[in-house]
Amino acid sequence: MQTSTPVQPNHALTFEALHLAAPILRAIHDAGYDKPTPIQAQAIPLVLQGGDLLAGAQTGTGKTAGFTLPILHLLSQATSKTQTKGRPRCLMLTPTRELAAQIEESVKTYGKYLPLTSMVVFGGVNINPQINRLGKTIDILVATPGRLLDLANQKAIDLSGVEILVLDEADRMLDMGFIHDIKKVLAQLPKQRQNLLFSATFSDEIKRLADQLLTKPGFIEVARRNTASELVEQTVHLVKQAHKSALVSYLIKQNAWEQVLIFTRTKHGANRLAERLIKDGIPAAAIHGNKSQGARTKALADFKDGKIPVLVATDIAARGLDIDQLPQVVNFELPNVPEDYVHRIGRTGRAGSSGAAISLVDFEETKYLKDIEKLIKREIPKVHVEGFEPPTKQEVEPPRPPRPAQGKPRKPMPAQGKSNHGNKPNATSAPNSSARPNANQAKPKPTGFASKANHHNGQRGK
Ligand code: AMP
């Protein structure tokens, strides 16, 4: 991937020093921002110069303002002579509905003193109101790729006037299989335009996309706000899959957690866990791709407002949501991609203070655990809750069949015995005696979650 000379970090101390238009500075002031974040300090001057940009930054770094503020400035400086209905000047593509809605909200917030118009389109909702709205002029369109293509195919939108293209969370868009849709969208854009590509990771696929899309881009990369090795206290509970929901219930009640994001590997798993927690008297909601947009928005709002203490999410649903800086994250299952673990636990920790991430690990998952520990370059401490003993070696490795009589062929050993990579559970002293949660021991005292409104100081509400 060819990039222009590395950009010298410009640690501008104020937004004024970045030469943004006065109405934008006013809106920033209203938002209560004191100074640009590192990604903003670097991205804003580059975008204002009109060049292409490749930026490595994840949600929570302030990247949305990093591209939105200079785009608003550029669009407000040069009014288009060819502004017609349904023909946006800037297109921001992003993978999820939630992220699209959040970005457009930011566009409105930062552009509130400018005469620019914006709109968001995403799937899962009726297309007709979107078609109607596209009958008016729009400066900035925020979209998810699938719905944008639908609208373009129906000729409800004209992409030939796009002066600036943003691909936000490009890595996740590729993960979600949007590459073909993105290519179809790109084919409808004018050749002459400014391109900004944001991605949390730089896989070969992202590099290929960047090569095709960007011309001599400026390159910036900012560190994750939290890294796994720094602020987040991490622990592992070795526990059987079948006992995990009971353990989660127990931990939430025992520790009186008021705001916890729980990751599950599947949508069904998310639903099942949320239902189980509700049965246990813990208000919870699940958020994933099969939920209606209304249900997802409500669950997120209730979680942010402290009305429900527990949000259960799949990786994709949680990706891009502005719900970081949480005190507590639980991995109900370990992700099989170790980088996802780092993404997940990066949600915890408030500015300057620490968060905690607990992973519930069944024996089947020890390989994933090893991979994660290799990635973060350290072993995660194993903790043990009374009544939730890890599976014993005996349970994991069924007893060997009796030795066959001499002369008869031997049966092969069961395959799962091989999955024990030496990571023995730490309570094997009484084989087969105590792998079942002991309901009496584990029974926590109930706590009054529903009555607790949670207003964290460090929580940025939106
Ligand atoms: P983002 O990474 O774009 O999702 O932004 C994460 C959060 O940071 C959002 O809630 C923004 O409102 C907030 N934010 C963005 N820029 C700043 C800033 N310069 N100072 C304080 N907060 C900011």
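None of these values were measured; they are calculated from a predicted model. (Residues numbered from 1 in each chain as written. Predicted model: local features only at pLDDT ≥ 70, side-chain atom pairs only at ≥ 80, totals over all residues. Heavy atoms only, no water.)

Structural notes on the overall build of the chain
Convention followed: Helical segments are the DSSP runs of H or I of at least four residues, strand segments are the runs of E of at least two, and each set is numbered from the N terminus. Exposure classes here rest on a 1.4 Å probe applied to the protein chains alone. A residue is buried below 20% of its type maximum, exposed above 50%, and partly exposed in between. Only the protein chains shown count as cover for residues, and the accessible areas themselves come from Shrake-Rupley with a 1.4 Å probe.
Broken down by element type, the chain carries 17 helices and 14 strands. Within the chain, the fraction of its 462 residues that count as buried is 52%. Put simply, the chain shows about 21600 Å² of open surface, and 51% of that area lies on carbon and sulfur atoms.

Examining the sheet that holds strand β1 (residues 53-56)
Quick reminder of the rule: In this analysis, strands are considered paired if DSSP registers two or more bridges between them. Convention adopted: a line fitted to C-alpha atoms gives each axis, helices being fitted over their contacting stretch, and angles between N-to-C directions are expressed from 0 to 180 degrees. A contact between two residues is defined here by any heavy atoms of the two lying within 4.5 Å.
The strand order β3-β4-β2-β5-β6-β1-β7 describes an open sheet built from seven strands, whose pairing is parallel. The sheet is open, and its two borders are formed by β3 (118-121) and β7 (218-221), each paired with just one other strand. Within the sheet, the average angular offset between the axes of one strand and its neighbour, ignoring direction, is 10°. The pairing of strand β2 (residues 90-93) with strand β4 (residues 140-143) spans four bridges and is classified as parallel. The residue of β4 that forms the bridge with Leu91 is Leu141. With respect to the sheet, helix α2 (residues 38-48) is in contact with β1, β6 (194-199) and β7, its orientation differing from that of β7 by roughly 170°.

Some thoughts on the sheet that holds strand β14 (residues 382-383)
In spatial order, the strands read β10-β11-β9-β12-β13-β8-β14; together these seven strands make up an open sheet with parallel pairing. Both outer strands of the open sheet, β10 (284-287) and β14, are each paired with one neighbouring strand and no more. One ladder, built from four bridges, connects β10 with strand β11 (residues 310-313); its direction is parallel. Across the sheet, the residue bridging to Ala285 is Leu311, located in β11. Each of β9 (260-263), β10 and β11 touches helix α11 (residues 267-279); the most contacted strand, β10, lies at about 175° to it. Of the strands in this sheet, β9, β10 and β11 touch helix α12 (residues 293-304), which is tilted by about 140° from β11.

Section: the packing of aromatic side chains
Just so we agree on the cut-off: Centres within 6.5 Å are what make two rings of Phe, Tyr or Trp a pair, Trp counting through its six-membered ring; a difference in plane orientation under 30 degrees is then read as stacked, over 60 as edge-to-face, and the rest as tilted. Remark: a charge is flagged as sitting over a ring if the NZ atom of Lys or the CZ atom of Arg is within 6 Å of the ring centre and within 35 degrees of the ring normal.
Taken as a whole and judged by the stated rule, the model has four aromatic pairs. With a centroid separation of 5.7 Å and an interplanar angle of 35°, the aromatic rings of Tyr250 and Phe388 are classed as tilted. Residue Tyr250 is found in helix α10 (residues 244-255), and its partner Phe388 is found in the loop between β14 and α16 (393-396); the two are separated by 138 residues along the sequence. Between Arg26 and the ring centre of Tyr113, over which it is positioned, the NZ or CZ distance is 3.7 Å. The ring of Phe332 carries Lys244 above its face, with NZ or CZ at 5.9 Å from the centroid.

Describing the confidence of the model for the chain
Detail in the predicted coordinates should be disregarded across regions flagged by low pLDDT. Under the convention used in this document: As a per-residue measure, pLDDT tells how confident the predictor is, with possible values from 0 to 100.
A residue-level look at the chain finds 76% of positions with pLDDT of 70 or above and a mean pLDDT of 80. Long-range and interchain partners of residues 1-10, a stretch whose pLDDT sits below 50, account for 21 contacts in this model, where long-range means more than four residues apart.

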